[in-house]
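Letter by letter, the chains look like this.
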Amino acid sequence: MNSADAPSTVAEPRDWGSAVPAAKPKPGGGGSGGPPRHQDLYEKRKSVHNKRIDGPFRRFKWAIMVVTLAIYYVTPWIRWDRGPYAPDQAVLVDLANRRFYMFDIEIWPHEFYFVAGMLIMAGVGLFLVTTAVGRAWCGYACPQTVWTDLFQHVDRFFDGDRNARMRLDKAPWGPSKIMRRGSKWTVYLLISMVTGGAWILYFADAPTLFVDFFTGEAAFVAYATVGILTFTTFWLGGFMREQVCIYMCPWPRIQAAMLDEQSLIVTYKDWRGEQRGSLKKAQKEPDKYGDCIDCRECVAVCPTGIDIREGQQIGCITCALCIDACDRVMKDIGRPRGLIDYATLDQCERESAGAAPEPAWKALLRPRLFIYFGVWGAIGLAMLFALGTRAHTDLTVSPDRNPPYLLMKDGAVRNAYTLRLRNMEARPREMEIALVGLPAGSVMWTDAINREEAAATQTVEVAADQTRVVRAYVTVPTGESANEFTFRLTSLDEQREQDTATTTFTGPGDL
Amino acid sequence: MMANDQDRQESRIDEPTGTEFVGHEWDGIEELNTPLPRWWLWTFYATVAWSLVYVVLYPAWPLVERATAGTLGWSSRGELAEDLQRAEAAQSEFKAQLAGMSTAELLENPELMQRAVAGGAAAFKVNCVQCHGAGAAGYEEFGYPNLNDDDWIWGGDISEIEYTLIHGIRWEGSDQTRLNFMPAYDGVFEDAQIDGLARHVLSLSGKAESDAASAELYAQNCAACHQPAGEGDQAQGAPALNDAIWLYGGDLDDVRTQILNPRHGVMPGWSDKLDPVTIKMLAAYVHSRGGGEASEVPEETPGDAPPIMEDEPEELAMAERSDEQR
């Protein structure tokens, strides 16, 4: 909450100090004032009772809240037909069988790089967004923000708006306060339980788990997960709120390093607002006072309880509710909107030097954004390409090392191999294994195919969506020798997918 | 460079934040004494409280012999035992199925066979690798046979393997053990005759030249068990001499040594140490190593198939273990 914690993205010294008139320490002032002479080791949290506000940014925040919560709660219930051998849940993290389903995409553990790619995209995406519009993630889409917002609406519903809540906070505990707190916390708890409950539905068949959960037949881990998430939601969303952003979350610190003079941030235009003074004073001496009438509406609506007029600071999640509040006041007193506005530090500089206000979107036309977007898009395209062209058949071979080879009765040399045949289609498939590059007369049998049926090619069935492990015994006839050779796997369906694996054949002379 | 102005510490205040300086300065950057949030302190107290509860509930204080037990009675050994019990319980159905079928029937059921082979592999690692090696390849220098190949002294179909596992070879603990002895020819023949005989044995697999006298000697003394062409006889446990595989080595000296003073391996029977299901799984594992013989056709033994045991011990015996024992 202190501007010393705030990102110092300004390369050369600027005169932002003039925007901070309250620099003189006043006792007991907390974040905006100074501490007493001998300050406490610990700081008591000041509850934030943010005032209700309406405006374009508040409506935008509503929309994002509805969309993100809807995605979270609805996604596990979407069905997706994958045929009889695979689950029909559109998004499913199947930990037991180590499969990740997302609509038409199915990811196996060995393809975890797709997940890594998605995480990298999410990372670069955050860089992109932060570079363009500052801490928009914090202000609108972060779960902590969304749930805190939700809980603040619950507060408002039970206890009224800012002033009523502040009064109730100070009121002594009595039956009415206990009732109000009890019912409010019950609703907190219900929301938290629904939050935790939805989470587990991503990890099992949602309708089945839903029923099992209430009949007491779900796995212990399901109840434990719901319990933990219920507790964290209740605690972090209901009580910790902005403390999470200010003290716990690393992301504001990282974002601070990514912001620069050309990033959009929520800014108080001090050259226009100062010297602040009440409307009456300003009307008496229009020359002395700026546009800010010091109504403190911007502080009242802030969900983290900061004063944006102190400049950029770590507590500002750039939700822009103060813009809504200030714009409304400016309209009421007949001054132009945008005393608090989205602007870059560079735009502020030019504007304070007398230039006309620039539209915020102009800040988006910068090379760094296009580079981030290019990187982000390139990773996405590469992943789509890889997903589209990946084979659904795979073969890996590991030769037995103990024994490296052995003689058969007739003098033929035998090696043993462990083959892994992977069938990533959601249906059983016949696959043909062939020996390529061994002398004529070399044959193969397996742990499931008798030696009497040994041949240079074998056909095995691999179950739907499974890897089958086959032990293959390969003999090279007496008098012949071999070194490198290849196993070739061909799916015996219309796709005829192929994979090969080259390995070595060891004989008596090779050791 | 650190200018430590401890003396000037009487609460200089940082103007923009209103926070005290700690008094440390590095190249003009000073440290502020920003207060911790109060809830952080409560969190710390909560962890202390948690640790007290934990110490009571779970093993905690190390004493001389062992740690304090904890009122919940939890121990990692106990947890392991429970895990093992659960795993056993999960296998019980499979084991019951296995107990109710013969090994030959097991071969017809690929799914069960797969599980049996996996179980056998685990049991093999505990009980068998000491002699037969981790890869079941045996040790030629000690006469422990390779179980991967297709050369079987006492029979390589799955029920013969199971029989060997149950009763062992030359094993005192079982009266149905596989038993035979090859007589020692030291002092019976001249050196030259022994040489010729060894060469004849090697000639059966094309590794040496033989002569008529040695062939005659072989026919009279060896062919009864090892068969005229050296194809061996699994029913009596007489190893084949006409193939590429030698239990005690395959050059002239090795063969001479074996004729003069044969070694006889011993393998213990396992019926008193392992349960029948484990023995079945072991048989399945050994059979699956790539040399197992098919068992559906009964062995076409020439004429009389002698009972396995009561034979006069007079033939070269090669068995699955070579303790120097007669």
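Let me sum up the structure you'll find in this document. (Residues numbered from 1 in each chain as written. Chains lettered and ligands numbered in written order. Predicted model: local features only at pLDDT ≥ 70, side-chain atom pairs only at ≥ 80, totals over all residues.)

### Re the overall build of chain A
Here's step 1: Within chain A one finds 16 helices and 15 strands.
Here's step 2: The C-alpha radius of gyration computed for chain A amounts to 33 Å, which surpasses the reference 24 Å derived for 511 residues by more than 25%, pointing to a less compact arrangement than a globule.
Here's step 3: Referenced to the eigenvectors of the C-alpha coordinate spread, the extents of chain A come out at roughly 115 × 60 × 50 Å.
Here's step 4: With 511 residues in all, chain A has 31% of them scored as buried.
Here's step 5: Counting only contacts in chain A whose residues sit at least 6 apart along the sequence, the fraction spanning at least 24 positions is 69%. (Helix = DSSP H or I, 4+ residues; strand = E, 2+ residues; numbered from the N terminus. Rg over C-alpha atoms; globule rule 2.2 N^0.38 Å. Buried ≥ 20, exposed ≤ 12 C-beta atoms within 10 Å, placed from the backbone. Contact = placed C-beta atoms within 7 Å.)

### A few points about the overall build of chain B
Here's step 1: When you go through chain B residue by residue, the secondary structure sums to eleven helices and four strands.
Here's step 2: Going through the 326 residues of chain B one by one, you find that 34% of them count as buried.
Here's step 3: A separation threshold of at least 6 residues defines the contact pool for chain B, and within that pool the share at least 24 residues apart is 63%.

### Concerning the interface of chain B and chain A
Here's step 1: With 34 residues of chain B at the interface, the matching set in chain A holds 37 residues.
Here's step 2: At the level of elements, β1 (13-14), β2 (19-26), β4 (36-37), α1 (38-57) and α4 (110-127) of chain B are the ones that each hand at least two residues to the side of chain B that touches chain A.
Here's step 3: Considering each element in turn, the side of chain B that touches chain A owes the most residues, three residues, to α1 of chain B.
Here's step 4: Class assignment of the residues belonging to the side of chain B that touches chain A gives a composition of 15 nonpolar, eleven polar and eight charged.
Here's step 5: In the sheet, strand β1 (residues 42-43) of chain A pairs with β4 of chain B via two bridges, with the strands oriented parallel. The residue of β4 of chain B that forms the bridge with Glu43 of chain A is Pro37 of chain B. (Nonpolar A, V, L, I, M, F, W, Y, C, P; charged D, E, K, R; others polar. Pairing = 2+ DSSP bridges.)

### A closer look at helix α11 (residues 276-287) of chain B
Residue and element names in this part refer to chain B.
Here's step 1: Given a rise of 1.5 Å per residue, twelve residues ought to cover 16 Å, and the 16 Å separating the end C-alpha atoms of α11 matches this to within 8%.
Here's step 2: Burial within α11 is extensive, with ten of its twelve residues counted as buried.
Here's step 3: Looking only at α11, the buried set comprises Thr278, Ile279, Lys280, Met281, Leu282, Ala283, Ala284, Tyr285, Val286 and His287.
Here's step 4: In this fold, the buried residues of α11 make contact with α2 (76-99), α3 (103-107), α4 and α6 (158-167). (Expected span 1.5 Å × (residues − 1).)

### What to know about the sheet that holds strand β3 (residues 99-102) of chain A
Residue and element names in this part refer to chain A.
Here's step 1: Pairing is antiparallel in the open sheet, where three strands are placed in the order β2-β3-β4. Because the sheet does not close on itself, it has two edges, and the strands there are β2 (91-94) and β4 (105-107). Averaged over all pairs of adjacent strands, the angle between strand axes in this sheet comes to 10°, irrespective of strand direction.
Here's step 2: Pairing geometry for β3 and β4, over three bridges, is antiparallel. Pairing of Met102 across the sheet is with Ile105, part of β4. (Axes fitted to C-alpha atoms, helices over the stretch in contact; angles between N-to-C directions.)

### Quick notes on α2 of chain B
Here's step 1: Its 24 residues give α2 of chain B an end-to-end C-alpha distance of 32 Å, which sits within 8% of 34 Å, the value for a rise of 1.5 Å per residue.
Here's step 2: Remark: the principal bend of α2 of chain B, roughly 45°, maps to Ser92 of chain B. (Bend = angle between axes of the 7 residues up to and from the residue.)

### Regarding the sheet that holds strand β15 (residues 498-504) of chain A
Residue and element names in this part refer to chain A.
Here's step 1: Taken together, the four strands give an open sheet; going across it, the order is β12-β10-β14-β15, and neighbouring strands pair in antiparallel fashion. Both outer strands of the open sheet, β12 (457-462) and β15, are each paired with one neighbouring strand and no more. This sheet shows a mean twist of 25° between the axes of neighbouring strands, independent of strand direction.
Here's step 2: Summarising the sheet, strand β10 (residues 429-436) and strand β14 (residues 484-491) pair through six bridges and their orientation is antiparallel. In the strand pairing of β14, Glu432 is matched with Thr490.

### Let's talk about unusual backbone geometry
All names here are of chain A.
Here's step 1: Note the cis peptide between Glu274 and Gln275, where omega equals -5°.
Here's step 2: Within the secondary structure, Gln275 is located in the loop between α11 (270-273) and α12 (279-284).
Here's step 3: Positive phi values are uncommon outside glycine, yet Ala320 reaches one of about 70°.
Here's step 4: The exposure class assigned to Ala320 is buried, which follows from the 26 C-beta atoms found within 10 Å.
Here's step 5: In the Ramachandran plot, Arg496 falls in the positive-phi region, its phi being about 45° despite a non-glycine side chain.
Here's step 6: Looking at where Arg496 falls in the secondary structure, it is placed in the loop between β14 and β15.
Here's step 7: The exposure class assigned to Arg496 is exposed, which follows from the 10 C-beta atoms found within 10 Å.

### A closer look at the environment of Arg451 of chain A
Here's step 1: Inspection of the secondary structure assignment puts Arg451 of chain A in the loop between β11 (443-446) and β12.
Here's step 2: Linking Arg451 of chain A and Tyr473 of chain A, residues 22 residues apart in sequence, is a C-alpha distance of 8.8 Å.

### Digging into the packing of helix α7 (residues 191-203) of chain B against helix α10 (residues 252-260) of chain B
All names here are of chain B.
Here's step 1: Relative to each other, α7 and α10 sit at 120°, their axes nearing to 9 Å. Judged by the sense of rotation from one axis to the other, the crossing of α7 with α10 is right-handed. Across from Ile194, Asp195, Leu197, Ala198, Arg199, Val201 and Leu202 in α7, the residues of α10 making contact are Leu252, Val255, Arg256, Ile259 and Leu260.
Here's step 2: Residues of the contact of α7 with α10, tallied by class, amount to nine nonpolar, no polar and three charged. (Left-handed = near helix turned anticlockwise from the far one by under 90°.)

### What about the pairing of strand β5 (residues 265-268) of chain A?
All names here are of chain A.
Here's step 1: Judged by which residues are buried, β5 turns out to be covered on both faces: Ile265 and Thr267 on one side and Val266 and Tyr268 on the other are all buried.
Here's step 2: Judged from the four bridges that link them, β5 and strand β6 (residues 340-343) form a sheet pairing that is antiparallel. What sits directly across from Tyr268, in β6, is Ile340.

### Observations regarding the nonpolar core
Nonpolar side chains in soluble globular proteins tend to be buried together.
Here's step 1: Core analysis: the largest hydrophobic core is formed by 52 residues, its most contacted members being Leu419 of chain A together with Leu282, Ala283 and Ala284 of chain B.
Here's step 2: Looking at which element gives the most residues to this core, the answer is α11 of chain B, with seven residues.
Here's step 3: Leu419 of chain A has contacts with Leu395, Val397, Ile433, Val470, Ala472 and Phe487 of chain A, leaving out every residue within four places of it along the chain.
Here's step 4: Core analysis: the second largest hydrophobic core is formed by 39 residues, Leu264, Cys302, Cys319 and Leu345 of chain A among them. (Core = buried A, V, L, I, M, F, W, Y, C linked by C-beta atoms within 7 Å.)

### Here we look at the environment of Ser174 of chain B
Residues and elements named next belong to chain B.
Here's step 1: Along the chain, Ser174 turns up in the loop between α6 and α7.
Here's step 2: Among the residues examined, Ser174 registers 18 C-beta atoms within 10 Å and is labelled partly exposed.
Here's step 3: Put simply, Ser174 and Asp272 are 98 residues apart on the chain and 9.6 Å apart in space, counted from C-alpha to C-alpha.
Here's step 4: Residue contacts for Ser174: discarding those within four places in its chain leaves His167, Gly168 and Gly269.

### Description of the packing of helix α4 (residues 143-159) of chain A against helix α8 (residues 220-240) of chain A
All names here are of chain A.
Here's step 1: The geometry of α4 relative to α8 is characterised by a closest axis approach of 8 Å and an angle of 70° between their N-to-C directions. As the angle between them shows, α4 and α8 are arranged roughly perpendicular. Between α4 and α8, the residues in contact are Gln144, Trp147, Thr148 and Phe151 and Thr233, Leu236, Gly237 and Gly238, respectively.
Here's step 2: Across the contact of α4 with α8, the residue classes break down as three nonpolar, five polar and no charged. (Parallel < 35°, antiparallel > 145°, perpendicular 65-115°, else oblique.)

### Quick word on the pairing of β2 of chain A
Residue and element names in this part refer to chain A.
Here's step 1: Here β2 pairs with β3 via four bridges, running antiparallel. Across the sheet, the residue bridging to Leu92 is Tyr101, located in β3.
Here's step 2: Joining the antiparallel neighbours β2 and β3 is a turn of four residues, in which Arg98 adopts a positive phi near 55°.

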